[in-house]
Structures are given as structure tokens and as C-alpha cells.
Amino acid sequence: MHLLVTGAAGFIGSAYVRALLAPGPVEAAAEVSHVTVLDKLTYAGRLDNLDLTHPRLSFAQGDICDPELVDRLMARADQVVHFAAESHVDRSITGADAFVRTNVTGTQTLLDAALRHGVDRFVHVSTDEVYGSVASGSFTEEDPLSPNSPYAASKASSDLIALSYHRTHGLDVRVTRCCNNYGPRQFPEKVIPLFVSRLLDGGEVPLYGDGKNVRDWLHVEDHCRGVDLVRIGGRPGEIYNISGGTELSNLELTELLLKACGGSWDQVRYVEDRKGHDWRYSIHDDKARTELGYRPQRDFASGLAETVAWYRNNRSWWEPLSPGATA
Ligand code: NAD
């Protein structure tokens, strides 16, 4: 079975491909005979996230909005896992164009080609941010979409387009919606690698607003396992939430990161809150647990310690990247 994976030079897609090619956490990896990665290599894509010498891996640099390239690659694909996206909320606030283009038009370009070539299944990787903020309780897959940032709105749009190809054309589309991921190789504009890289250098970290915003955290390997369970055992046209079960306010997260990096609260600078900052994201993932046997396997404390150790030991990966953004 030939799998086309988009955006796999980035944080989560590359973890997914590494797991697929190195038998381990991703289930039934052996069934995948070849993986082709399509990635534009934007600022967020890094070739050194992938083992390009692997005999079962091919890499194509290009844009998911390029219909000819997408058509050519889709002709060889049996299944698709679609990670490629503009993924940073702050960037969507200062410029939404690339988000609408890649996340919406790019997804539609892939779906058209998938339909034309009759691919078996198309897993669209999305986010809990499409549901918007929730003061208490947690969203299920049945809850309405209420995205607030341009990033979340572009992902919600792409979810709807993807699902419409199932309802209208019968394409086997499956959508995953996951909470915040952490782990190695995350671009240091996102809160955990931004804080870790600055704290390891003894610098300051910017904390938005009063720091009370709450996020649910999941190790990237658990997310990848969830995505593959959906690819293998999910049902066509269905949405699966994937949650982590570790809800933390940014203040609590900062405390943990300061401890892990040997920093102090003197290094924390409170900055003006992000525009339209969602207060809390929370999702139920009972459906993935009941239907697919999904369960996070990585414990947050050890996963975070391991992640901090990775950044400590891999300065050459992140030092050349200048974040220039707040968390
Ligand atoms: P990332 O920004 O690290 O990687 C995105 C990848 O997509 C990069 O390699 C980039 O080069 C590529 N890309 C961007 N535009 C492209 C285009 N037009 N054509 C081809 N490739 C393009 O993102 P990530 O954190 O790995 O997120 C991957 C997916 O998971 C995204 O769809 C995101 O919405 C979703 N997601 C992320 C999180 C999270 O916490 N990071 C949580 C839930 C869902």
C-alpha cells in the first residue's frame, strides 16, 4: 500500500512518518510498503526531520495547491494522510492569506485529486481549535464549530470541505481533531519549544495576558498513534477527537518548564494578550477510545522531561531558527 503524507517535513507529520518507517508505536506499519512525502518546505518544514535515505521513503518538494504536482503524486497513492498546513495562530493574526490558501484551497486541491484517482481513504488531520473556547465541560464530535482565530477558521473550513467530499462524492474521508501537541522537533515559535529554547539560554519568556488560558497537552507520538488508528480502523465520513487528558493553564505549564530548564519566575515577562485568545480548549475522545481503542500512552511528566532533554541535546536543530514571536 502506497501512502501519500503531506506536510511531513513538519513537527507532527515527520513524527508520523518516522513511526511508520520504524516499526513501533504506529499500528500495522508493515502494511505500508512505501511513503511519499509532499511538503513545500515553508519556514516550518525541515528536511532533517526525515531519513531521506530510507528505502521506503520518497520526498517531493512542492505545494499542495499545485494541481499538476498533486495529481501526479496522487496517481500513485492508495491512501492519504494530510498534515500540511499553516499552523501557528499568531501568524494567522498578522496575515491570514497563507492560511486560507494552504489550509482551504490546498486541502480542496488534494481532495479533487484523491477523487479523480479513486484513493481508498483520505485522513484529514485537524485540531480541537475548530470548536472554539469552552468554559467548562468538553466538546464532542457532534458539537458545532465555532472557530475564533483565522487559523482555526481555516482548519474548520478545510474540515467541512473534506467532509463534503464524503457526503457528495462518497470519498472515504476521515477527520481527526487533536489537542495541543508537544515533543521533539516542534518549531520554536510554539509555546513549549519557545520557552525551553529561551530558558536553556538563560533568556526571558513572554507569557500572554494573565497566563490563565488552559490547553490540553498530548505527546506527538500519541497523536500519531491516534491518526493511524483512524486511518486503519476509522469509519468513512466520521470525525474522531484525540485528546491528551493533561489540562494545564499556561501558568502551570510555565512553572513546569521553569523547573525542567532550571529557570526562575524572574525570567517570565507578561505581555499583552493575544488578540481573540481562546480561554480553554477541551474535547471528549470517547469515540476514538471506544471504537478504536485509542489511549494516550505517554505520561506528561516524563514526556515533557524527555522533550526538554531533546532540546538540550539538539541545539544545532533549533539554534539557527529565530522565532521572533510570542507564545
Ligand atoms: P508544522 O507547522 O510543524 O508543519 C507543517 C508542515 O506543512 C511543514 O513541513 C510545512 O513545510 C508544510 N506546508 C505548509 N504549507 C504547505 C503547502 N502549501 N504545501 C505543502 N506543504 C506545506 O505543523 P504541525 O504542528 O506539524 O501540524 C501538522 C498538522 O496537525 C496541521 O494540519 C495542524 O493543523 C494539525 N494540528 C497541530 C497541532 C499542534 O499542536 N501542533 C494540534 C492539532 C492539530
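Residues numbered from 1 in each chain as written. Predicted model: local features only at pLDDT ≥ 70, side-chain atom pairs only at ≥ 80, totals over all residues. Heavy atoms only, no water.

Caption draft 1: Main features of the environment of V123. Along the chain, V123 falls in strand 5 (residues 121–127). By relative accessible area, V123 is classed as buried at 0%. In this structure the C-alpha to C-alpha distance between V123 and Q79, which are 44 residues apart in sequence, comes to 8.1 Å. In contact with V123, not counting residues within four places along its chain, are V80, V81, H82, R174, T176, V227 and R231. (Helix = DSSP H or I, 4+ residues; strand = E, 2+ residues; numbered from the N terminus. Buried < 20%, exposed > 50% of the residue type's maximum accessible area, 1.4 Å probe, protein only. Contact = heavy atoms within 4.5 Å.)

Caption draft 2: Spatial organisation of the pattern of salt bridges. Per the counting criterion, the structure on display carries 23 salt bridges. R91 is the salt-bridge partner of E189, the closest N and O atoms lying 2.7 Å from each other. In this pair, E189 is assigned in the loop between strand 7 (180–182) and helix 6 (191–200) and R91 in helix 3 (residues 89–94), connecting sequence segments 98 residues apart. The exposure class assigned to E189 is buried, which follows from its relative accessible area of 1%. Accessibility expressed as a relative area gives 30% for R91, which makes it partly exposed. Notably, a salt bridge pairs D201 with R315, separated by 2.9 Å at the nearest N-O pair. Placement of the pair is D201 in the loop between helix 6 and strand 8 (205–208) and R315 in helix 11 (residues 315–318), with a sequence separation of 114 residues. Take D201: its relative accessible area is 49%, and that puts it in the partly exposed class. According to the relative accessible area criterion, R315 is partly exposed, its value standing at 26%. A cluster of three or more residues bridged by salt bridges with shared partners is formed by R235, E238, K287 and E291. (Salt bridge = Lys/Arg side-chain N within 4 Å of Asp/Glu carboxyl O.)

Caption draft 3: Spatial organisation of the pairing of strand 9 (residues 214–219). Among the 6 residues in strand 9, 6 count as buried, and that is most of the element. Neither face of strand 9 is open: one carries V214, D216 and L218, the other R215, W217 and H219, and all of them are buried. Pairing geometry for strand 9 and strand 11 (residues 246–249), over 4 bridges, is antiparallel. Opposite V214, over in strand 11, you have S249 as the bridge partner. (Pairing = 2+ DSSP bridges.)

Caption draft 4: Up close: the nonpolar core. Counting 31 residues, the largest nonpolar core has V5, Y16, V17, V35, V81 and V227 as the members making the most contacts within it. Looking at this core, the elements with two or more residues in it are strand 1 (2–6), helix 1 (11–21), strand 2 (34–39), strand 5, helix 7 (220–233), strand 10 (239–242) and helix 9 (286–292). Here this core gets 6 residues from one element, more than from any other, and that element is helix 1. Aside from chain neighbours lying at most four places away, what touches V5 is Y16, V17, V35, T36, V37, L38, V81 and F83. In terms of nonpolar packing, the next biggest core, distinct from the first, is built from 30 residues, A114, A156, L171 and I239 among them. (Core = buried A, V, L, I, M, F, W, Y, C linked by side-chain atoms within 4.5 Å.)

Caption draft 5: Main features of the packing of helix 4 (residues 97–116) against helix 5 (residues 150–169). Packing of helix 4 against helix 5 leaves a shortest axis separation of 8 Å and a crossing angle of 15°. When the interaxial angle is binned, helix 4 and helix 5 end up roughly parallel. Classified by chirality, the crossing of helix 5 by helix 4 is right-handed. Within the contact between the two elements, helix 4 uses F99, V100, N103, V104, T107, Q108, L111, D112 and L115 and helix 5 uses Y151, S154, K155, S157, S158, I161, A162, Y165 and H169. (Axes fitted to C-alpha atoms, helices over the stretch in contact; angles between N-to-C directions. Parallel < 35°, antiparallel > 145°, perpendicular 65-115°, else oblique. Left-handed = near helix turned anticlockwise from the far one by under 90°.)

Caption draft 6: Just the side chain of S197, in detail. As for its position among the elements, S197 is in helix 6. Among all residues touching S197, those that are not within four sequence positions of it are P188 and W318.

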